[in-house]
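Structural features, examined
Next come the chains, spelled out residue by residue.
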Amino acid sequence: MAMSPKEYQNFAKQREPSRSILMNCIRAFVVGGAICVVGQAISEVFIYGLHMSKQAAGNPTVAVLILLSVILTCLGVYDKIAQWAGAGTAVPVTGFANSMCSAALEHRSEGLVLGVGANMFKLAGSVIVFGVVAAFFVGLVYLIFGIGGH
């Protein structure tokens, strides 16, 4: 039985499980919030346990969150959480670390340079380019309008 692409889309759509948008939003909110709570707890450890300033505690907090994300990705735990929570795990910095680590793990059999290096930065490259270009234009607006300068 040959189906046209449109017939196949209708066929697949009929068999697709229904998704509750409200439940997806609640899951994303809870898991994303939990990641932020963990990040805040780590930050508090740096501030009160290691007597760092709030500003100085930011960078090591992000580094620990990234490390935890990579470890959980390597163990296969982060992907299960992400499948259940959806965007709640994709939005924080941990989601970016997970996507890079997943790409590295997926392509490690192709070698360190052509496999891990090349494929890991497919996603990261576009994010970094967007960040640099956006920062350039924001800086240009600040320069032109004199916002925030001394």
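Look a little higher up for the structure.
Residues numbered from 1 in each chain as written. Predicted model: local features only at pLDDT ≥ 70, side-chain atom pairs only at ≥ 80, totals over all residues. Heavy atoms only, no water.

This paragraph deals with the packing of helix α2 (residues 21-49) against helix α3 (residues 54-74). As a packed pair, α2 and α3 sit with axes 8 Å apart at the nearest point and diverge in direction by 130 degrees. Classified by the interaxial angle, the pair formed by α2 and α3 is oblique. For α2 against α3, the interelement crossing comes out right-handed. Along its contact with α2, which presents I35, V38, G39, I42, S43, F46 and I47, the element α3 presents K54, A57, P60, T61, V64, L65 and L68. Residue composition of the contact of α2 with α3, by class: 10 nonpolar, 3 polar and 1 charged. (Axes fitted to C-alpha atoms, helices over the stretch in contact; angles between N-to-C directions. Helix = DSSP H or I, 4+ residues; strand = E, 2+ residues; numbered from the N terminus. Parallel < 35°, antiparallel > 145°, perpendicular 65-115°, else oblique. Left-handed = near helix turned anticlockwise from the far one by under 90°. Contact = heavy atoms within 4.5 Å. Nonpolar A, V, L, I, M, F, W, Y, C, P; charged D, E, K, R; others polar.)

Here we take up the packing of α3 against helix α6 (residues 93-106). Look at α3 against α6: their axes get within 8 Å of each other, and the N-to-C directions meet at 40 degrees. If you check the angle between α3 and α6, you find them oblique. The two elements α3 and α6 meet at a crossing, and its hand is right-handed. Here V62, L65, I66, S69, V70, T73 and C74 of α3 lie close against α6, whose contacting residues are V93, T94, A97, N98, C101, S102 and L105. When the residues that make up the contact of α3 with α6 are grouped by side-chain class, the tally is 9 nonpolar, 5 polar and no charged.

This part covers the state of the cysteines. Linking two cysteines covalently through their sulfur atoms gives a disulfide. The final tally for this structure, using the stated rule, is 0 disulfides. C36 takes part in no disulfide bond, and the closest cysteine sulfur, belonging to C25, lies 16 Å away. (Disulfide = S-S within 2.5 Å.)

The next thing to look at is unusual backbone geometry. For H51, which is not glycine, the phi dihedral falls at a positive 55 degrees. The topology assignment puts H51 in the loop between α2 and α3.

Soluble globular proteins: nonpolar side chains tend toward being buried together. I42, F46, I47, A57 and L65 together form the largest nonpolar core, which totals 5 residues. The biggest single contributor to this core is α2, with 3 residues. Filtering out sequence-adjacent residues up to four positions away, F46 remains in contact with H51, M52, A57, P60, T61 and V64. (Core = buried A, V, L, I, M, F, W, Y, C linked by side-chain atoms within 4.5 Å. Buried < 20%, exposed > 50% of the residue type's maximum accessible area, 1.4 Å probe, protein only.)

Geometric values such as these leave the question of function open.
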